[in-house]
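Each chain, letter by letter, is given below.
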Amino acid sequence: EAAAAPVVHRVRITLTSRNVKNIEKVCADLKRAAIGKKLKVSGPVRMPTKKLKITTRKSPCGEGTNTWDKFEMRIHKRLIDLH
């Protein structure tokens with residue numbers, strides 16, 4: 001028991017963003033910093049993109065022809081494990 005194994009800390013970082021370029025840059029910065037500190041890095045793991053969709057009428061009052069607007073917001077997610 002005197003020669004106990006060193007404690008291994010595991011850290012899981014979850015990143016979410018609407019912009020792919022920004023999230024990839026942050027992932028690269030985190031990975032570079034962790035490798036500089038001599039940590040083991042696994043990731044970034046790309047999780048499925050969430051698509052939030054809203055369909056709404058163009059006309060504010062409800063008069064006229066039925067024309068519709070479709071809006072979509074994509075949420076990108078990345079996982080990075082440090083140990």
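These numbers come from a predicted model, not from an experiment. (Residues numbered from 1 in each chain as written. Predicted model: local features only at pLDDT ≥ 70, side-chain atom pairs only at ≥ 80, totals over all residues. Heavy atoms only, no water.)

A. Spatial organisation of the overall build of the protein. Counting its secondary structure elements, the protein contains 1 helix and 3 strands. Ordered by position from the N terminus, the helices and strands of the protein form the series β-α-β-β. The C-alpha radius of gyration of the protein comes to 22 Å, more than 25% above the 12 Å expected for a compact globule of 83 residues. Along the first, second and third principal axes, the C-alpha atoms of the protein reach 80 × 25 × 15 Å. Out of the 83 residues in the protein, the part that is buried amounts to 14%. With the model as given, the accessible surface of the protein reaches about 7000 Å², and the carbon-plus-sulfur share is 56%. Both charge centroids of the protein, one from 20 positive and one from 7 negative side chains, sit 5 Å from each other. (Helix = DSSP H or I, 4+ residues; strand = E, 2+ residues; numbered from the N terminus. Rg over C-alpha atoms; globule rule 2.2 N^0.38 Å. Buried < 20%, exposed > 50% of the residue type's maximum accessible area, 1.4 Å probe, protein only. Areas by Shrake-Rupley, 256 points an atom, 1.4 Å probe, with all protein chains shown as cover. Lys, Arg positive; Asp, Glu negative; His and termini not counted. Charge placed at Lys NZ, Arg CZ, Asp CG, Glu CD.)

B. Seen up close, the side chain of S59. The residue S59 is located in the loop between strand 2 (41-57) and strand 3 (68-82) in this model. By relative accessible area, which is 19% here, S59 ends up buried. From its side chain, S59 meets the backbone nitrogen of G62 in a polar contact 3.3 Å long. (Polar contact = N/O pair within 3.5 Å; in protein donor to acceptor, adjacent residues only side chain to side chain.)

C. Focus on the sheet that holds strand 1 (residues 11-17). Judged by pairing direction, the sheet is antiparallel, and its 3 strands sit side by side in the order 1-3-2 without closing on themselves. On the outer flanks of this sheet lie strand 1 and strand 2, each paired with one strand and no other. Looking at each pair of strands side by side, their axes are set apart by 15° on average, direction ignored. When strand 2 meets strand 3, the two strands line up antiparallel, connected through 13 bridges. Across the sheet, the residue bridging to K51 is R74, located in strand 3. Across the sheet, helix 1 (residues 20-36) is in contact with strand 1, strand 2 and strand 3; its angle to strand 3 comes to roughly 5°. (Pairing = 2+ DSSP bridges. Axes fitted to C-alpha atoms, helices over the stretch in contact; angles between N-to-C directions. Contact = heavy atoms within 4.5 Å.)

D. Representation of unusual backbone geometry in the model. Each neighbour pair has its own omega, and for G43 with P44 the value is 5°, a cis peptide bond. Backbone geometry at K38 places phi at a positive 65°, although glycine is not the residue there. Looking at the element boundaries, K38 is found in the loop between helix 1 and strand 2.

E. Structural context of the packing of aromatic side chains. In the structure shown here, the tally under the stated rule is 0 aromatic pairs. Above the ring of W68, the side-chain terminus of R57 is found at 5.8 Å from the ring centroid. (Phe/Tyr/Trp six-rings, centres within 6.5 Å; stacked < 30°, edge-to-face > 60°. Lys NZ or Arg CZ within 6 Å of the ring centre and 35° of its normal.)

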